[in-house]
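Residues per chain, in single letters:
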Amino acid sequence: NEETEHKGWCDTELATNEKTRKQKTESVETLQAEIDALEASNAKLTEEVTELAADVSKLDKAMSEATKLRTEEKSKNEATIKDAQEAQTAVAQALTVLKEFY
């Protein structure tokens, strides 16, 4: 009977161990699947960050060029305004001379 009891205990332990192994294996497989999914997500996000950084760099360059162009145009506009004001003053002076003469 002792052998029967021992065999029963062994069978119970073996069944318990097998069940535990299956649960642990399933857990490992689930965790590995999660790891794989997260690694793929990480790779995709890293690629997106790289692309976005390149886009930001392009935008910074375009903004810098636009600012430079606007600064140059502002200088030209200021010079044109100054010339127009000087011309207006000269025309006013000429009109004064003409009015005094005639």
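Values in this document were obtained by computation on a predicted structure and should not be read as measured data. (Residues numbered from 1 in each chain as written. Predicted model: local features only at pLDDT ≥ 70, side-chain atom pairs only at ≥ 80, totals over all residues. Heavy atoms only, no water.)

Chemist: Mind laying out the overall build of the protein, listing which residues take part and the relevant values?
Modeler: Within the protein, the regular secondary structure consists of one helix and zero strands. Since a compact globule built from 102 residues should have a radius of gyration of about 13 Å, the 43 Å found for the protein marks it as more spread out than a globular shape. Considering only C-alpha atoms, the protein reaches an extent of 145 × 15 × 10 Å along its principal axes. Looking at the protein as a whole, 0% of its 102 residues qualify as buried. Of the roughly 9600 Å² of accessible surface on the protein, 58% is carried by carbon and sulfur atoms. (Helix = DSSP H or I, 4+ residues; strand = E, 2+ residues; numbered from the N terminus. Rg over C-alpha atoms; globule rule 2.2 N^0.38 Å. Buried < 20%, exposed > 50% of the residue type's maximum accessible area, 1.4 Å probe, protein only. Areas by Shrake-Rupley, 256 points an atom, 1.4 Å probe, with all protein chains shown as cover.)

Chemist: Before we move on, could you go through a nonpolar patch on the surface and cite the residues and values that matter?
Modeler: There is a patch of nonpolar side chains on the surface, built from V91, L95, L98, F101 and Y102 and spanning about 610 Å² of accessible area. Mapping L98 onto the fold places it in helix α1 (residues 2-101). For L98, a relative accessible area of 45% corresponds to the partly exposed category. (Patch = residues over 30% accessible without salt bridge, like charges linked within 9 Å, V, L, I, M, F, W, Y side chains within 5 Å. Salt bridge = Lys/Arg side-chain N within 4 Å of Asp/Glu carboxyl O.)

Chemist: A description of the pattern of salt bridges should follow, citing residues and the corresponding values.
Modeler: In total, this model carries two salt bridges according to the counting rule given. K7 is the salt-bridge partner of D11, the closest N and O atoms lying 3.0 Å from each other. Separated by four residues within a single helix, D11 and K7 lie in helix α1, roughly one turn from each other. Since its relative accessible area comes to 38%, D11 is described here as partly exposed.

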